[in-house]
Amino acid sequence: MLDIAVNRSARKYTISEQCLRVMWIMGKIAFRISPKPCFGWRRFVLRCYGAKIGANVNTDPTTVIYFPWNLTVGDWTAIGENALIYNIGKVALGEKVTVSHRAHLCAGTHDYSKATMPLLKPPIIVGDQAWICAEAFVGPGVTVGEGAVVGARAVVTKNVRPWTVVAGNPSREIKSRTLDLS
């Protein structure tokens, strides 16, 4: 039988994380109300709250980032409109990554095999030059390889090999990705 009372009384975050969460309320406001072209401002705000943000990163003001201190983003990466980075666990985006609008990266879950359903925080890693397409879901503990494409509305619960394209629910590999450099 589930023991929800124990789950709710469990300490899921340290005191410092709880303090950061309270302070991030103000950061989210500063992030959200900034005009769309103010990418530098949003990079600054994220860095103030512990995110490791590379050069020329573009993040839309409607992007939702839960815990910036658990976020690493490489140079020239873009995070689109209404993307959701649920990063209670670490999320690392490489260089030249695109996270399209309404994509959802979820680095948190619960251990459903235990009666107390403890919180788990498996990291997500997205390799350089990968593309997470519109409304795709990338689950906890997943690594999306370099150059891979996660198709629109795909549901990814297992690692994606480099330079492949996955699609569907559950996602499956549908072809290789090659770049036309002409």
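Located above this text is the structure these notes cover.
Source: prediction; values computed, not measured.

Colleague: Just give me the short version of the sheet that holds strand β19 (residues 172-176), but keep the residues and values in it.
Modeller: With respect to topology, seven strands assemble into an open sheet ordered β2-β5-β8-β13-β16-β18-β19, the strand pairing being mixed. Only two strands of the sheet have a single neighbouring strand rather than two, namely β2 (58-59) and β19. As paired strands, strand β8 (residues 98-99) and strand β13 (residues 131-132) are joined by two bridges and run parallel to one another. Looking at the pairing, V99 lines up with I132 of β13.

Colleague: Residues and numbers for the sheet that holds strand β9 (residues 104-106), please.
Modeller: Read from one edge of the open sheet, five strands run β3-β6-β9-β14-β17, paired in parallel fashion. Every other strand in the sheet has two partners, leaving β3 (64-65) and β17 (155-156) as the edge strands with one partner each. Here two bridges tie β3 to strand β6 (residues 84-86), and the two strands are oriented parallel to one another. Paired with I65 across the two strands is I85, which belongs to β6.

Colleague: Any details on helix α2 (residues 15-32)? Residues and values, ideally.
Modeller: Taking 1.5 Å per residue as the helical rise, α2 with its 18 residues ought to reach 26 Å, and the 26 Å between its terminal C-alpha atoms agrees with that figure. At W24, α2 shows its strongest bend, of approximately 30°. Every buried residue belonging to α2 is among E17, W24, G27 and F31, and all of these are buried.

Colleague: Can you explain the environment of D3? Please cite residues and give values.
Modeller: Tracing the chain through its elements places D3 in the segment before α1 (4-9). Given the relative accessible area of 30%, D3 is considered partly exposed. A sequence separation of 45 residues divides D3 from C48, and the C-alpha atoms of the two residues are 38 Å apart.

Colleague: For the packing of α2 against helix α3 (residues 39-48), give the residues involved together with the corresponding values.
Modeller: In the contact formed by α2 and α3, the axes pass within 9 Å of each other and the chain directions differ by 175°. In terms of orientation, α2 lies roughly antiparallel with respect to α3. Mapping the contact onto sequence places W24, G27, A30 and F31 in α2 and W41, R42, V45 and L46 in α3. Here the contact of α2 with α3 is composed, by residue class, of six nonpolar, one polar and one charged.

Colleague: How would you sum up the layout of surface pockets? Please name residues and give values.
Modeller: Quantified by volume, the largest pocket comes out at close to 150 Å³. Considering the residues around the largest pocket, the lining is formed by 13 residues, among which K158, N159, V166, S171 and R172 are closest to the centre. Going through the elements one at a time, β17, β18 (164-167) and β19 are the ones with two or more residues in the lining of the largest pocket. Among the residues making up the lining of the largest pocket, the classes are represented as five nonpolar, four polar and four charged.

Colleague: Talk me through the nonpolar core; I want residue IDs and the actual numbers.
Modeller: Within the largest apolar cluster, 39 residues are counted, with the highest numbers of intra-cluster contacts made by V99, L105, V126, I132, V144 and V150. Looking at this core, the elements that each hand over two or more residues are α2, α3, β4 (71-73), β7 (91-93) and β12 (124-126). Leave out the neighbours within four places in its chain, and V150 touches W131, I132, C133, A136, V144, V156, V160 and V166.

Colleague: An account of the pattern of salt bridges is requested, with residue identities and associated values reported.
Modeller: The full count for this structure, using the stated rule, is five salt bridges. With a closest N to O distance of 2.3 Å, K36 and D60 form a salt bridge. Separated by 24 residues along the polypeptide, K36 in the loop between α2 and α3 and D60 in the loop between β2 and β3 bring together distant segments of the chain. A residue is classified by how much of its surface remains accessible, and K36, at 42% relative accessible area, is partly exposed.

The rules behind the values
Residues numbered from 1 in each chain as written. Predicted model: local features only at pLDDT ≥ 70, side-chain atom pairs only at ≥ 80, totals over all residues. Heavy atoms only, no water. Pairing = 2+ DSSP bridges. Helix = DSSP H or I, 4+ residues; strand = E, 2+ residues; numbered from the N terminus. Expected span 1.5 Å × (residues − 1). Bend = angle between axes of the 7 residues up to and from the residue. Buried < 20%, exposed > 50% of the residue type's maximum accessible area, 1.4 Å probe, protein only. Axes fitted to C-alpha atoms, helices over the stretch in contact; angles between N-to-C directions. Parallel < 35°, antiparallel > 145°, perpendicular 65-115°, else oblique. Contact = heavy atoms within 4.5 Å. Nonpolar A, V, L, I, M, F, W, Y, C, P; charged D, E, K, R; others polar. 1 Å grid on protein atoms, 1.4 Å probe; cavity = no way out; pocket = protein on both sides within 12 Å on 5 of 7 lines; lining within 4 Å. Points joined across faces, edges and corners; volume = space filled by probe spheres on them. Core = buried A, V, L, I, M, F, W, Y, C linked by side-chain atoms within 4.5 Å. Salt bridge = Lys/Arg side-chain N within 4 Å of Asp/Glu carboxyl O.

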